[in-house]
There are 2 protein chains.
Amino acid sequence: MPRGAVRVDLNISLDGYATTTDQTPENPFGHDWGRLVGAYTATRTFRARVLGDTSGAGTTGVDEAYAEAYFEEVGAEIMGAGMFGLHDHGDDPDWRGWWGENPPFHVPVFVLTHTPHPTLEMEGGTTFRFVDTDIEHALELAHEAAGGKDVRIGGGPTTVRQFLAAGLVDRLHVAIAPILLGRGIRLWDDLRGLEAGYDVVAETADSGTIHLTFRRE
Amino acid sequence: MPRGAVRVDLNISLDGYATTTDQTPENPFGHDWGRLVGAYTATRTFRARVLGDTSGAGTTGVDEAYAEAYFEEVGAEIMGAGMFGLHDHGDDPDWRGWWGENPPFHVPVFVLTHTPHPTLEMEGGTTFRFVDTDIEHALELAHEAAGGKDVRIGGGPTTVRQFLAAGLVDRLHVAIAPILLGRGIRLWDDLRGLEAGYDVVAETADSGTIHLTFRRE
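Presented here is an overview of the structure given in this document.

Conventions we followed
- Residues numbered from 1 in each chain as written.
- Chains lettered and ligands numbered in written order.
- Predicted model: local features only at pLDDT ≥ 70, side-chain atom pairs only at ≥ 80, totals over all residues.
- Heavy atoms only, no water.
- Least-squares fit on C-alpha atoms with pLDDT ≥ 70 in both.
- Contact = heavy atoms within 4.5 Å.
- Helix = DSSP H or I, 4+ residues; strand = E, 2+ residues; numbered from the N terminus.
- Pairing = 2+ DSSP bridges.
- Axes fitted to C-alpha atoms, helices over the stretch in contact; angles between N-to-C directions.
- Buried area = accessible area lost by both parts, 1.4 Å probe.
- Salt bridge = Lys/Arg side-chain N within 4 Å of Asp/Glu carboxyl O.
- Polar contact = N/O pair within 3.5 Å; in protein donor to acceptor, adjacent residues only side chain to side chain.

Moving on to the relation of the copies chain B and chain A. Note on the copies: chain B fits chain A at an RMSD of 0.0 Å, the axial shift is 0.0 Å, and the rotation between them is 180 degrees. Interpreted geometrically, this transformation is the action of a two-fold axis. Interface overlap between copies is the fraction of interface residues in one copy that are interface residues in the other; for chain B against chain A it reaches 100%, indicating a shared surface.

Right, let's talk about the side chain of B:His143 for a bit. Mapped onto the elements, B:His143 comes out in helix H6 (residues 135-146). Those residues in contact with B:His143, other than ones at most four positions away along the chain, are B:Arg3, B:Gly4, B:Val6, B:Gly148 and B:Val151.

Attention now goes to the sheet that holds strand E3 (residues 108-112) of chain B. The pairing of strands in a sheet happens through backbone hydrogen bonds and is either parallel or antiparallel. All names here are of chain B. On the basis of which strands lie adjacent, the open sheet formed by nine strands has the order E4-E5-E3-E2-E6-E1-E7-E9-E8 and mixed pairing. Each of the sheet's edge strands pairs with one partner strand only, and the pair in question is strand E4 (120-121) and strand E8 (198-204). Examined bridge by bridge, strand E2 (residues 74-80) and strand E6 (residues 150-155) share five bridges and lie parallel to one another. Paired with Ile-78 across the strands is Ile-153, a residue of E6. In the packing of helix H1 (residues 30-41) onto the sheet, contacts are made with strand E1 (6-13) and strand E7 (171-177), and the angle to E1 comes to roughly 125 degrees. With respect to the sheet, H6 is in contact with E1, E2, E3, strand E5 (127-131) and E6, its orientation differing from that of E2 by roughly 155 degrees.

Moving on: the sheet that holds strand E2 (residues 74-80) of chain A. All names here are of chain A. Taking strand neighbours across the sheet as the criterion, the nine strands line up as E4-E5-E3-E2-E6-E1-E7-E9-E8 in an open arrangement whose pairing is mixed. Among the strands making up the open sheet, the edge pair consists of strand E4 (120-121) and strand E8 (198-204). Together, strand E1 (6-13) and strand E7 (171-177) form the strand contacts of helix H1 (residues 30-41), whose direction differs from that of E1 by roughly 125 degrees. Contacts between helix H7 (residues 157-165) and the sheet are confined to E1, E2, strand E3 (108-112), strand E6 (150-155) and E7, with E6 contributing the most and set at about 135 degrees to the helix.

The next subject is the interface of chain B and chain A. On the side of chain A, 27 residues touch chain B, which itself brings 27 residues to the contact. Roughly 2200 Å² is buried in total at the junction of chain B and chain A, and carbon and sulfur atoms are behind 57% of that figure. By the criterion of area lost to chain A, the three top residues of chain B are B:Leu14, B:Leu180 and B:Arg192, representing 32% of everything that side buries. Where A:Glu195 meets B:Arg35, a salt bridge forms, and the shortest distance between an N and an O atom there is 2.9 Å. Our count for the chain B to chain A interface comes out at 10 residue pairs in polar contact (both at pLDDT 80 or more).

Here's what the structure looks like:
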């Protein structure tokens, strides 16, 4: 079976941070997270696909076009242990991640971890499988599970950077918010020369977001 | 007299580097410098104003519009000691900088340094004055010399960052080349929240360059 592409979509700040650091008990997402992903969560597609808002409300235009593309043809996803939520809850055998009982993936998800964990069948088609393996083999498993559709490397940024450094990503889309976060985990560290072998296209949205796409030539 | 604006124009990489590191004796500018500033040096304005090419050759469009704006109404410039070339030649009383006898500034230039150095009158209207003072006072001197025109903070990135952090810059234009340099001096370090108080506008050029402007609201 022909394989789908390996894709990444991330929101980063102008200074390259893909994570935020201002979470507090009172504001568990922090103020920065909303600013980082705000242009995406305002789109009609996000509102319909993630929030279940069928009213047709939400922004259109460039941000919306990328939001639509985000949901196209993904057959499996790979994420780091931190993105699933293992770092804070690894000792709890009943922990089912912080994505809720109906996570927004709706496909098989492979979680990279050295900690054994039983497979979790969630609602809506998401299955979390925990794999203690290298990224190349995890990608093999994901391609098999995707049945010819694309595989997304979901995050976090450290995991994405590993796949980028290994040359395994066919399409990287970053939505750059015009803000400076000043701290967190930077996507671009240690990726000197990444652009070689990619076509790079940038587009700006009315929201001020810069959509940058690295695509295999 | 009314004061002009305080402006910055810099070329940076996608990962935020404003300097390059691959200089060698055989290739004193390095390969990266050409890639970092290539979209600018290809413009019709750069070719005419800096190279003296009166043939009308060079790119037009978005990159050219920013190149034209670069030369508008600057009455004085401030730069760090490194940009003048003092770091390598500070002990040489005859050193006149690495900008040649007819430097491309054509206005009074204030060089921030703790090393006393006699004023240098160059050809074409450039005067280098060496000032051992804080950035606020250097800006006073530059405003006086500019006679109501704009003052440019020329560089390097460490000097620019000081002026940005102190809230002294009215307009910051960065031309972001779609390349990852991976090392050097980053413009955006320690500038968390810089966007507050600025309008931020991004525009993309056919060259792949992203032109980003922070303008005082």
